[in-house]
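Observations on the three-dimensional arrangement
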Amino acid sequence: CCGSSSAEKSTLKMNFRVIVPGRLKEKYLRDACAEYEKRLSAFGKTEICTFEPYKLPDSPSEKEIENALEIESGAIEKYLKGYVVTLCIEGKKISSEKLAEKIKSCGIEGNSTISFVIGSSYGLSEKVKKASDFQMSMSEMTFPHQLARVMLLEQIYRANMILSGRKY
């Protein structure tokens, strides 16, 4: 759309901030994330920011869930920077190509940092969703946040490969 050459495409360095609950316990998930973080280093800086998910009882009430999400929102907000994308079920489903276009337009508009936010088991508070510039859904299906982290990193990498004109 902008008539940029491949040389211009490769010079657009972005910062990707992925805000996620907790640490990954499973080695295979840590390895997958590490691989995509390594691959993404060619396109800019990728930072994983973790917040501690609030501990809830086995069958929490709506009020307990709301309270937990509010507490988590305080931890999330300190990491928000640049263009903010929240991942939530009610968000817009977009293709890998559309994600690439969104990343490109952020860079062109001067947003060199994109913060992607994945919520804990009960999602994200309305406060965090309202603070976002874009609400995105990976699918109508629900995924564990640990797997969503790997999937998101893969999609950010894929989008950058699309933007650079390289095969993936």
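First, a word on what this report is: a plain description of the structure on this page. (Residues numbered from 1 in each chain as written. Predicted model: local features only at pLDDT ≥ 70, side-chain atom pairs only at ≥ 80, totals over all residues. Heavy atoms only, no water.)

1. Some words on the pairing of strand β4 (residues 113-118)
- Most of β4 is tucked away: six of the six residues are buried.
- Here β4 shows a buried face lined by Thr113, Ser115 and Val117 and a second buried face lined by Ile114, Phe116 and Ile118.
- Judged from the five bridges that link them, strand β1 (residues 14-21) and β4 form a sheet pairing that is parallel. Note on β4: the bridge partner recorded for asparagine 15 is threonine 113.
- Alignment of strand β3 (residues 83-93) against β4, held across five bridges, turns out to be parallel. Bridge pairing links valine 84 to serine 115 in β4.
- Assessed by its sense of winding, the connection that carries the chain from β3 through helix α4 (residues 96-108) to β4 is right-handed. (Buried < 20%, exposed > 50% of the residue type's maximum accessible area, 1.4 Å probe, protein only. Helix = DSSP H or I, 4+ residues; strand = E, 2+ residues; numbered from the N terminus. Pairing = 2+ DSSP bridges. Right-handed = clockwise from strand over helix to strand, strands pointing away.)

2. Description of the pattern of salt bridges
- Enumeration according to the criterion identifies 13 salt bridges in this entry.
- Taking the shortest distance from any N to any O, the salt bridge between lysine 127 and glutamate 70 comes out at 3.5 Å. One end of the pair, lysine 127, is in helix α5 (residues 126-131); the other, glutamate 70, is in helix α3 (residues 62-77), with 57 residues separating them in the sequence.
- A salt bridge links arginine 158 to glutamate 154, with the shortest nitrogen-to-oxygen separation between them at 2.8 Å. With arginine 158 and glutamate 154 both in helix α6 (residues 145-163) and four residues apart, the pair spans about one turn of that helix.
- One continuous salt-bridge network, built from bridges that share partners, spans Glu35, Lys38 and Arg39. (Salt bridge = Lys/Arg side-chain N within 4 Å of Asp/Glu carboxyl O.)

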